[in-house]
Amino acid sequence: MNIMFFVNSVLFGFALAMDAFSVSVANGISEPKMRRRKAVIIAGTFALFQFLMPLLGWAAVHWVVSYFKKAEPYIPYIALILLMYIGIKMIYDGVRKKNGEGEVILGFSTLIIQGIATSIDALSVGFTTQSYGLLDAVISALIIGAVTYGVCRAGIEIGKVFGDRFSSKATLVGGIILIGIGVEIFIKGVFL
């Protein structure tokens, strides 16, 4: 391990955390009164998935390459479907909230889907770190997870500020953001 190893891991972390950051902002927007404990759980969930996916990709390269190579073209489609589902659900809940039917609260199953959808592209990082030994792969994934946690905590707090100010439209905006992220992942993965 050298300084470039750490720099590369931190840069991977920031690059991979951008989708999770946007989703964290959307979560903060849709739930501006979110408690600190829940914000920690949300950021921790994103960090956990961003930690696990590069390791899974690394393991795939070393043990089951052929299976994961076959699945790689479907990753943008999976992310699009998951984020479209969550985004449409948020818009629907936002319209219900607007009509006085109650506040929209992020549930555990939705959080897990968000974690998977925003980290699925991190599998490819595991492919690029194939030359790492197991210890280096784990340390790199830990750094990526730590960066993701910090970025997502910041995103939630930013979202909460906007959610407080624009609460009547906040959930709708959050849903639109998620759909946009899904479309972006799909376009980058399929056409670029």
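Residues numbered from 1 in each chain as written. Predicted model: local features only at pLDDT ≥ 70, side-chain atom pairs only at ≥ 80, totals over all residues. Heavy atoms only, no water.

*Asks:* Outline the packing of aromatic side chains, supporting the account with residue identities and numerical values.
*Replies:* This model, assessed by the stated rule, comprises four aromatic pairs. Note on phenylalanine 5 and tyrosine 132: the rings are 5.2 Å apart at their centroids and 55° apart in plane angle, and the pair reads as tilted. Of this pair, phenylalanine 5 sits in helix α1 (residues 3-30) while tyrosine 132 sits in the loop between α6 (123-128) and α7 (134-165); the two residues are 127 residues apart in sequence, bridging distant segments of the chain. The pair phenylalanine 5 / tyrosine 132 is uniform in exposure class, with both members buried. An angle of 75° between the planes, with centres 5.0 Å apart, marks the rings of tyrosine 77 and phenylalanine 186 as edge-to-face. (Phe/Tyr/Trp six-rings, centres within 6.5 Å; stacked < 30°, edge-to-face > 60°. Helix = DSSP H or I, 4+ residues; strand = E, 2+ residues; numbered from the N terminus. Buried < 20%, exposed > 50% of the residue type's maximum accessible area, 1.4 Å probe, protein only.)

*Asks:* Which residues make up the side chain of serine 140, and what values do they have?
*Replies:* Turning to its location among the elements, serine 140 is positioned in helix α7. Here the side chain of serine 140 touches serine 9 through a polar contact of 3.0 Å, side chain to side chain. Ignoring anything within four residues of it in the chain, the contact list for serine 140 reads Phe5, Ser9 and Tyr132. (Polar contact = N/O pair within 3.5 Å; in protein donor to acceptor, adjacent residues only side chain to side chain. Contact = heavy atoms within 4.5 Å.)

*Asks:* Break down helix α5 (residues 108-119) for me, citing the residues and quoting the values.
*Replies:* When the terminal C-alpha atoms of α5 are compared, their 17 Å separation across twelve residues agrees well with the 16 Å that a helix rising 1.5 Å per residue should span. Those residues of α5 not exposed but buried are Thr110, Leu111, Gln114, Gly115, Ala117, Thr118 and Ser119. (Expected span 1.5 Å × (residues − 1).)

*Asks:* Pulling in residues and values, what's your account of a nonpolar patch on the surface?
*Replies:* On the surface, a nonpolar cluster with roughly 390 Å² of combined accessible area is contributed by Ile3, Met4, Val7 and Leu11. The topology assignment puts leucine 11 in helix α1. Since its relative accessible area comes to 52%, leucine 11 is described here as exposed. (Patch = residues over 30% accessible without salt bridge, like charges linked within 9 Å, V, L, I, M, F, W, Y side chains within 5 Å. Areas by Shrake-Rupley, 256 points an atom, 1.4 Å probe, with all protein chains shown as cover. Salt bridge = Lys/Arg side-chain N within 4 Å of Asp/Glu carboxyl O.)

*Asks:* Outline the layout of surface pockets, supporting the account with residue identities and numerical values.
*Replies:* When its volume is computed, the largest pocket comes out at roughly 370 Å³. If you go around the largest pocket, you meet 17 residues; those closest to its centre are Leu16, Asp121, Ser124, Ile185 and Lys188. Elements represented by at least two residues in the lining of the largest pocket include exactly α1, α4 (75-98), α6 and α8 (167-191). Top element by residues in the lining of the largest pocket is α1. It accounts for five residues. Per-class residue counts for the lining of the largest pocket are ten nonpolar, two polar and five charged. (1 Å grid on protein atoms, 1.4 Å probe; cavity = no way out; pocket = protein on both sides within 12 Å on 5 of 7 lines; lining within 4 Å. Points joined across faces, edges and corners; volume = space filled by probe spheres on them. Nonpolar A, V, L, I, M, F, W, Y, C, P; charged D, E, K, R; others polar.)

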